[in-house]
Amino acid sequence: MAESKSSAEAMVSDVHKKIKAAFEAFDYETNNTVDVREIGTIIYSLGCFPSQTDLHDFIAEVEEDHTGHIHLDKFLPAMAKILLEHKFPPIPEDILLQAFEVLDKEKKGYLEPEELAKYMTQEGEPFTQEEMDEMLTALADEEKDLIYYKDILSQLTIDPEL
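Analysis parameters
Residues numbered from 1 in each chain as written. Predicted model: local features only at pLDDT ≥ 70, side-chain atom pairs only at ≥ 80, totals over all residues. Heavy atoms only, no water. Phe/Tyr/Trp six-rings, centres within 6.5 Å; stacked < 30°, edge-to-face > 60°. Helix = DSSP H or I, 4+ residues; strand = E, 2+ residues; numbered from the N terminus. Buried < 20%, exposed > 50% of the residue type's maximum accessible area, 1.4 Å probe, protein only. Lys NZ or Arg CZ within 6 Å of the ring centre and 35° of its normal. Core = buried A, V, L, I, M, F, W, Y, C linked by side-chain atoms within 4.5 Å. Contact = heavy atoms within 4.5 Å. Salt bridge = Lys/Arg side-chain N within 4 Å of Asp/Glu carboxyl O.

Working definition: an aromatic ring pair is given by the centre-to-centre distance plus the angle between the planes. Tallied over the full model, the rule gives 6 aromatic pairs. Between Phe 23 and Phe 75 the ring centres are 5.3 Å apart and the planes differ by 35 degrees, which places this aromatic pair in the tilted class. With Phe 23 in helix 1 (residues 2–24) and Phe 75 in helix 4 (residues 72–84), this residue pair connects regions lying 52 residues apart in the sequence. Using a relative accessible area of 0% as the deciding quantity, one classes Phe 23 as buried. Cation over ring: Lys 118 sits above Tyr 119, and NZ or CZ is 5.5 Å from the ring centre.

Here it is, written out as structure tokens:
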């Protein structure tokens, strides 16, 4: 029993270290606070992918009296709970591939940037134009300006073993 307790404590300690490292990367004033606008990026960097609604709910739970800042003392236990309970998991690669294949009605193996931008800004939880521009810059083939989705799947997913 003592062995499994120390193993669990070690796991929690590792989770806390990961969270603190991600948080501190955005703590520009080194005062254990981050701007509320950075929380989504921090959470994504920890391998969690909440919906916008879930993200807003989380922020409301941990934000300091609507100051626009979040303190590590509030963020750490709330984020540890999310990680230990495996909330907001990433989408598996095979599911993401199926989604791209549904969008690729002609089975060409690629999508045109305008086509993907239309889906991503008008359906589901829409991306902003700035988010779309960043994504298309990162994902589109430089020479042909096409998105070969099978080639980019690994960039869009996270290995659950990490």
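Moving on from the model shown.
What follows deals with the nonpolar core. If you look at the biggest cluster of nonpolar residues, it comprises 26 residues, and the most contacted ones within it are Ile 19, Ile 39, Ile 42, Phe 58, Phe 75 and Met 79. Looking at this core, the elements that each hand over two or more residues are helix 1, helix 2 (39–45), helix 3 (52–62) and helix 4. In terms of residue count, the dominant contributor to this core is helix 4 (8 residues). Aside from chain neighbours lying at most four places away, what touches Met 79 is Ile 19, Ile 43, Leu 46, Cys 48 and Phe 58. Formed by 16 residues, the second largest nonpolar core is a distinct cluster that contains Phe 100, Leu 103, Tyr 149 and Leu 153.

So, on to the pattern of salt bridges. What the rule picks out here adds up to 4 salt bridges. The shortest N-O distance in the salt bridge between Lys 87 and Glu 85 comes to 3.9 Å. The class for Lys 87 is partly exposed, based on a relative accessible area of 38%. For Glu 85, a relative accessible area of 41% translates into the label partly exposed. Across the salt bridge formed by Glu 115 and Lys 108, the nearest N and O atoms sit 4.0 Å from each other. Residue classification places Lys 108 among the partly exposed positions, given a relative accessible area of 29%.

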